[in-house]
Amino acid sequence: MTDVLTRRWLMPFVWCALLLVGCLAMSLFEPVFRWLEPDSRDVVYARVDFLVLLGRHLLVVTIAAALATLLGVLGAIAVTRPAGREFLPLVAQVASLGQTFPPVAVLALAVPVLGFGTLPIVVALLLYGLLPIVRNTLAGIEGISPSVLEAARGMGMTGGQILRQVELPLAAPVILAGIRTSVTINIATAALGATVGSSNLGDPIISGIVNGNTAYIVQGALLIALLALAVDSVFARLSSR
Amino acid sequence: MIELIHITKRFDHTVAVDDVSLKIDGGEFCCLVGTSGCGKSTTLKMINRLIEHSEGEIHIDQKPIRSFREDVLRRRIGYAIQSTGLFPHWTVARNIGLVPRLLKWPKSRIDTRVEELMSLLGLSMADYADKYPDQLSGGQAQRVGVARALAADPDILLMDEPFGALDPITRETLQLELRDLQARLGKTIVFVTHDMDEALRLADRLVVMHEGRIVQQGHPLQLLREPANDFVASLLGGEDRGLKEAALLPVSERMVPLGAGGVARERIDQTASLREALSVMLWRRVERLAVVDDDDIPIGELNFRRLVGARVND
């Protein structure tokens, strides 16, 4: 039992451990960064603790993902009901459009309206992360065999019962895959928040660009990559049950 | 009792079912047959309101079906389809217990009922209860489908080509079991098929549909002997109708008492059909068969002239 548990959760554990090591002990690698950036005075980003940045990063991504999941799944459910079916093509297209729109542009447009800070980045991530969730929820629900739905109706299940007991459980793996894609993309995209005053793991990157400090950029990028890998491996674990 | 009174169904501008009236008595096995697109499935689905009829009225036990809520109506009517429509994420036992659960039966009663149905359909509880539909063969899945349709003990069972996707041997086994089941449980069954042999074998009442209308209805033998027109005649097998009729009649119907000429060497069971008897005669090249009972004891004789029903003076 414990053996299976360790094997299954090995990869998530490894990535999380590496991420924590990166946050807590970046200064241990100072010689490496010194070699990378010999001219700068500081080579390890220390303005804000990495753990704090990680926490803020996770918070922004989590809020955006939760909202995107809620909106995306509810939206997709709404347009697959008989009453909302007319809007299915529209919603599918709008969701696609959301992803072709660069997040930077969303930020640029959102800041004048919403001001600097965390709000515009949450909005940008929400819009950007909506598509994979809407698309996968639609694919998951539309992919259910018509005969299963016919039988469900024929047996006398109500619309709500079919949704809860048949459609959502059967579509769940596909929906989860959509959330996984959405979250992974947004972990990287969230770094943009640093440009509009939402402090997170993007800070070292922006700061590195502004000050010409490659070491900072590498540190930010490294931690974001590790975070993405850690979260992705947790999703992989959840979806392969 | 199911009664369709001047039922019409239009999809946009096409008329799928055109002024159909049909009365199916309680305990009757009614087969709807016809070519693809003749409206037989549509007619079936209008009975449990999976498709709403455009005109006319459908009554079940004297009450119009629109006086019930859709889901309430459907829970009272068993429904089985060709592709089974079993829920892939539920075990066999859970699939079978679906309607009782919808009806909020207590758990112990559902468990007993599931067990009862599984043994009724020859599925051992130990082997199949916890299996998932994708682990079943086509025949097993269809048995589960039928068990699920019977779960809440409905008076009426609607079946839409339930055995259409099965191999001939499994299909025949299930047909015989269904016939047997219906005789024991006294359900009213409305059964759609395009397999004429299946329809002839199962039906008390055969309803032939063509282009949305009922062309003829009645007992299978009656339709075989007096088809209303060429369409019915060709649908029922054209020149093969003689054999199809023979398949419906038991040997006991034409046998004569044992004569003085001694017992014939080749034997046939008294419950066998005349068609089987004919086949034995052709195969063994004999004109006489001894008819035996279940214990293999000769109780009569069947000769070729009697088998074909030749009149005495011919």
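Residues numbered from 1 in each chain as written. Chains lettered and ligands numbered in written order. Predicted model: local features only at pLDDT ≥ 70, side-chain atom pairs only at ≥ 80, totals over all residues.

### Examining the interface of chain B and chain A
And then number 1: On the side of chain A, 13 residues touch chain B, which itself brings 15 residues to the contact.
And then number 2: Elements with a minimum of two residues in the side of chain B that touches chain A: α2 (70-75), β6 (77-81) and α4 (98-102) of chain B.
And then number 3: Residues that form the side of chain B that touches chain A fall into these classes: 8 nonpolar, 4 polar and 3 charged. (Contact = placed C-beta atoms within 7 Å. Helix = DSSP H or I, 4+ residues; strand = E, 2+ residues; numbered from the N terminus. Nonpolar A, V, L, I, M, F, W, Y, C, P; charged D, E, K, R; others polar.)

### Points about the packing of helix α4 (residues 50-80) of chain A against helix α9 (residues 159-189) of chain A
Each pair of packed helices gets described by two things: the angle between the helix axes and the distance between those axes.
Residues and elements named next belong to chain A.
And then number 1: Here α4 crosses α9 at 140°, and the two axes come no closer than 10 Å. Between α4 and α9 lies a crossing whose hand is right-handed. Residues Val61, Ala64, Ala65, Ala68, Thr69, Val73 and Ile77 of α4 form the contact with α9, whose own contacting residues are Leu163, Ile175, Ile179, Ser182, Val183, Asn186 and Ile187. (Axes fitted to C-alpha atoms, helices over the stretch in contact; angles between N-to-C directions. Left-handed = near helix turned anticlockwise from the far one by under 90°.)

### Overview of helix α8 (residues 168-185) of chain B
Residue and element names in this part refer to chain B.
And then number 1: In this model, α8 (18 residues) spans 25 Å end to end at C-alpha, consistent with the 26 Å of a helix rising 1.5 Å per residue.
And then number 2: Of the surrounding elements, those touching the buried residues of α8 are α7 (138-150) and α9 (196-202).
And then number 3: Just beyond α8, the residue with positive phi is Gly186, at close to 65°. (Expected span 1.5 Å × (residues − 1).)

### As for the environment of B:Glu28
Residue and element names in this part refer to chain B.
And then number 1: Structurally, Glu28 can be placed in the loop between β2 (14-24) and β3 (29-33).
And then number 2: Taking the C-alpha atoms as reference points, Glu28 and Leu278, separated by 250 residues in sequence, lie 30 Å from one another.
And then number 3: The residues touching Glu28, leaving out its near neighbours within four places in the chain, are Thr188, Asp204 and Arg205.

### Observations regarding the confidence of the model for chain A
And then number 1: With 98% of its residues at a pLDDT of 70 or more, chain A has an overall mean of 87.
And then number 2: Here helix α1 (residues 2-8) of chain A stands out as the element of chain A with the lowest mean pLDDT, 70, in contrast to helix α8 (residues 146-154) of chain A, whose mean of 94 is the highest. (pLDDT = per-residue confidence, 0-100.)

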